[in-house]
Every structure is written in structure tokens, then in C-alpha cells.
Amino acid sequence: MGDYLVPATTYMAVGLMSGTSLDGIDAALVELKVDGKGDVHSCEQVKGVTVPFSAGRKEQIENAMDIERSNIRDICELNVVLGRDFAAAAERVVKESGRTMADLAFISSHGQTVYHMPETGATLQIGELSEIAKQTNVLTVGDFRPCDMSVGGEGAPLVPFVDHLLFRHQEKGRVLLNIGGMANVTLLSPASVSRPMIGGDTGPGNVLIDQCMAILTGGKHTYDRGGAYASAGQVDHLWLDNLIEGDSFLKKPLPKSTGRERYSREMAERLVEEGKSRGLSGEDITATISSYTVRSIRDAVTPFIGQLGLEDVFVGGGGAENHYLMEELGKELGMPVYRMEELGVSSEFKEAAVFAVLGLYRLKGRPNNAPEATGAKKLVSMGKVVLP
Ligand SMILES: Nc1ncnc2c1ncn2[C@@H]1O[C@H](COP(=O)(O)OP(=O)(O)OP(=O)(O)O)[C@@H](O)[C@H]1O
Ligand SMILES: CC(=O)N[C@H]1[C@@H]2OC[C@@H](O2)[C@@H](O)[C@@H]1O[C@H](C)C(=O)O
């Protein structure tokens, strides 16, 4: 169970996250403040660092994720190699903050998802926790998702637990949206009413946009910087309607989760070919695919606007940098759309910081899953612990 931590009101920790975009490891050094009941009431970022993956490492991970190209020997080795990368990222963020590893109460690592199969209750996040604990000599917790799945959950998204803890507004319902590779939401009713929250993945975030950009530019651009390419194009509304209509994931109600298994490179290749055969320019294709992300978010959120009294949207993840996505979301949802910074949180490092909070709950033996967002049948304390 727990308790692995000395009782205190403040804990310094590192949260580590590498998401579906494969752009690198986000490491957030945070100070967590705990109230008398043991709940985290503040998560302040002291320092954030992104350690980009080398092209070679990115390719190794992409190969591991691809059924045709992966093999068990490579995955076995990558698990250890990534564990060392995660450890190095933790050391780097601590060093850059001017602190030492001895200042840390713990490290909490999401790992790298290589495969996610919610329909069979299986998921795999790699980045060996023993490597992190032994290299850094710090208590380490991680590998959260399988535990939620073992009680019937999707194992994702996990962020809504922390959104509910830290970001409810007294009078207003809020949409907390993350646009990373995938997009996921937490829909929070006002704290003054006892209606539940709802969460889940809404579908693609940047993943199809990134892949299409790479295909269209022959690898010169791997994302649509600022959304400039999409902004210069025209949406093909008929094609967009067909794409939305043909996507069975979008028809499923929340809670639900998805990944690169569905929104894959092959899908992006098909979309680019289809767009070209419709006579569209690269800009038009990018605009339409970016609107696919916007529409899928809108369609997941809209049914709950009245029920939960949702009034505004706060966006984290790299998608917050894409002005096309941000502006279109505002128009489609009819609500003001802000960056997470409005709530005092870095858009870039929010997920890494969230995993530090989840880790603290695990180390105290307390539940840290949100069945409203994963569909789990019961509350569990997710995560595995390795002593230094
Ligand atoms: N300046 C920018 N303009 C447009 N898009 C950007 C910009 N910076 C980052 N992005 C997008 O954000 C993506 C990275 O987002 P993020 O790091 O939040 O994803 P992730 O954490 O890997 O994914 P997930 O949350 O799905 O696991 C990039 O791949 C890119 O598409
Ligand atoms: C299986 C997996 O790694 N899922 C990620 C992914 O990236 C975004 C979305 O899909 C979300 O479900 C989840 O990550 C965030 C951090 C979460 O669990 O809340």
C-alpha cells in the first residue's frame, strides 16, 4: 500500500512524460503542497525542461510501435535505454534549477506508450523504472495505466483526476483540454454543485496534422508551426463531413481512449492521397485535417455544455501553440478559449506535472484514478514503486 513518504506538507518531485507526439521527454520539477486531509492543493512548477529525442531514438520508438517493424528484442532493449533517458531528463531538470537530487522526495514517470489496446484491457508503457531509481538514487513511481485497466478502465486519460483536484471553479463549469498527439478533455462542473465530471480522449490532436505536414513537405516540416499552413487553406466541408461520419471512434460516448494505433501514419498517408485526388492544395488538406481535430473535440464536448454548465476552455499541450486550432475551437464551441497559463500552469509541462501528483497519491497508498474519465469499475491506487 504506502506510505513511502515521510509526512510533510510540501514535497519536491519530478514528473516525467513522453507523449504520443514523440517529440521528447518533458521533465517538470514541481513543489506539491498537501492539505490536512492529505490532498494536493497546489502544484507549482519550479522548472521545466524538454529533452528532445534524437532522430535515431524517435525512429526506434516508432519502430517499436509498428506491428510490421517491431520485435521483442528491440522493445526489451528500448525499455532499458528509455529508462536511462528518463533518468537523465530528471537529473537535467534538477541541475538546471540549481538543486540537487537529494532535494527530491520522489520521481514519477509516465513512460512511453508503445501500444494501447483498451478493448482488450492491455497497454504498454516502457522506460524501466528500476533504471530511473538506481541511476538517480531517488524513490521512483510509474507505470500507472495497467492498474486502471485491471478494474475495467481504459487506462486513459489519467489527467482528469488532477484536473478535478486542482482546477474546478466555484461557479463556472470548465473544459480542460489537452491537444498533444491525441486530444483529451476533462469536463468539470462548478465546485458549488455536486454534479460529476466527465472525461476521455476525443480523437486526434496534432498527430494527423504532424504526419500530413511531413508527407506534404517531404519531411522538411514535422508540424504546422502556429497553424500558419492550415490558416492559409480552405476547408473542404464535404470531405470533412465524410471523414467525421466514417470515424467509428467518434461515435463512441465518453469515457473512451485512443492512440496512434488508430490515428496512424498509414491513415495520414491515405488522407493526403484522398485530399490530392479531390484537387486540394497542401494548405487545404492541412486546414481540413486540422478541422477534423476541432470537430471531434466539439462533438465530444457539446452534449455536456448545458448539463455541466460549461463556460470556458483551457488548452494545454503543443496544440495551444496552433492558432488555427485555438481560433476554430472558439468558433465551434462558442466559448472563450484560453491557454493553461491563464490558470497559472505551463501548457507545455502540465502533463509532466500531473504525473508528479498521481505519483504522490500512489506513494501515499491513495486512489488516483478517475472512473468518470476511464470507465474503471472502482477506485484504485495506480502505479508501481521502485526503491532507490
Ligand atoms: N509552435 C507550434 N505550433 C503548432 N503546433 C505546435 C507548436 N509547438 C508544438 N506543436 C504541436 O504540439 C505537438 C506536441 O505536443 P505535446 O508535447 O503536448 O504532445 P504529447 O505530450 O507528445 O502528446 P499526448 O498528450 O497525446 O501524449 C507537436 O507534435 C506539434 O504538433
Ligand atoms: C495510452 C496513452 O498513453 N494515452 C495518452 C495519449 O496522449 C493523450 C491521450 O492519449 C491520453 O489518453 C493519454 O495521456 C494523457 C497524459 C492522460 O492519460 O491523461
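Up top is the structure.
The text that follows walks through the structure, step by step, so that each part is easy to find. (Residues numbered from 1 in each chain as written. Chains lettered and ligands numbered in written order. Predicted model: local features only at pLDDT ≥ 70, side-chain atom pairs only at ≥ 80, totals over all residues. Heavy atoms only, no water.)

### As for the site of ligand 2
Not every one of the 16 residues close to ligand 2 is listed here, only the nearest: Thr113, Arg145, Leu158, Val159 and Asp201. Relative to its unbound accessible surface of 430 Å², ligand 2 loses 98% to contact with the protein. A per-element tally of the shell around ligand 2 places strand 4 (residues 106–117) first, with three residues. Broken down by class, the residue content of the shell around ligand 2 amounts to seven nonpolar, six polar and three charged. Here the shell around ligand 2 spans two domains, since at least three of its residues come from each of domain 1 (10–158 + 347–386) and domain 2 (168–343). (Near = heavy atom within 4 Å. Areas by Shrake-Rupley, 256 points an atom, 1.4 Å probe, with all protein chains shown as cover. Helix = DSSP H or I, 4+ residues; strand = E, 2+ residues; numbered from the N terminus. Nonpolar A, V, L, I, M, F, W, Y, C, P; charged D, E, K, R; others polar. Domains from an automatic or database assignment.)

### Observations regarding the packing of aromatic side chains
If you walk through the whole model with that rule in mind, you get four aromatic pairs. For the pair Phe144 and Phe355, a centre-to-centre distance of 5.6 Å together with 50° between the ring planes defines the contact as tilted. You can see Phe144 sitting in the loop between strand 6 (140–142) and helix 4 (145–150) and its partner Phe355 sitting in helix 14 (residues 350–363), a full 211 residues away along the chain. An identical accessibility class is assigned to Phe144 and Phe355; each is buried. Ring geometry for Phe314 and Tyr338: centres 5.3 Å apart, planes at 25°, overall stacked. With Phe314 in strand 10 (residues 310–316) and Tyr338 in strand 11 (residues 337–339), this pair connects stretches of sequence that are 24 residues apart. We classify Phe314 as buried; its relative accessible area is 5%. A cation over a ring is seen here: Lys256 above Phe249, with NZ or CZ 4.4 Å from the ring centre. (Phe/Tyr/Trp six-rings, centres within 6.5 Å; stacked < 30°, edge-to-face > 60°. Buried < 20%, exposed > 50% of the residue type's maximum accessible area, 1.4 Å probe, protein only. Lys NZ or Arg CZ within 6 Å of the ring centre and 35° of its normal.)

### Side note on the sheet that holds strand 7 (residues 173–179)
Taken in spatial order, the five strands line up as 9-8-7-10-11 in an open sheet, and their pairing is mixed. Looking along the sheet, the strands with just one partner apiece sit at the ends: strand 9 (198–204) and strand 11. The mean inter-strand angle of the sheet, taken between neighbouring strand axes irrespective of direction, is 25°. Relative to strand 8 (residues 182–188), helix 5 (residues 159–166) is tilted by about 35°, and along the sheet it contacts strand 7 and strand 8. (Pairing = 2+ DSSP bridges. Axes fitted to C-alpha atoms, helices over the stretch in contact; angles between N-to-C directions. Contact = heavy atoms within 4.5 Å.)

### So, the pairing of strand 8
Of all the seven residues making up strand 8, seven are buried; the element is thus mostly covered by neighbouring parts of the structure. The side-chain alternation of strand 8 yields two buried faces, one formed by Met182, Asn184, Thr186 and Leu188 and the other by Ala183, Val185 and Leu187. When strand 7 meets strand 8, the two strands line up antiparallel, connected through six bridges. Bridged to Leu177 within strand 8 is Val185. Between the antiparallel neighbours strand 7 and strand 8 lie two residues. Sheet topology note: the strand 8/strand 9 ladder contains six bridges and is antiparallel. Following the sheet pairing, Met182 is matched in strand 9 by Pro204.

### Comments concerning the pairing of strand 4
In terms of residue burial, strand 4 counts as a mostly covered element, since 10 of its 12 residues are buried. Taken together, the three bridges between strand 4 and strand 6 define a ladder with parallel strand orientation. If you follow Ser108 over to strand 6, its bridge partner there is Val141. In this structure, strand 4 lies alongside strand 5 (residues 122–126), joined through five bridges in antiparallel fashion. What sits directly across from Met117, in strand 5, is Ala122. Connecting strand 4 to the antiparallel partner strand 5 that follows it, the hairpin turn spans four residues, and Gly121 within it adopts a positive phi of roughly 75°.

Fair warning: the whole summary comes from geometry, so function is off the table for now.
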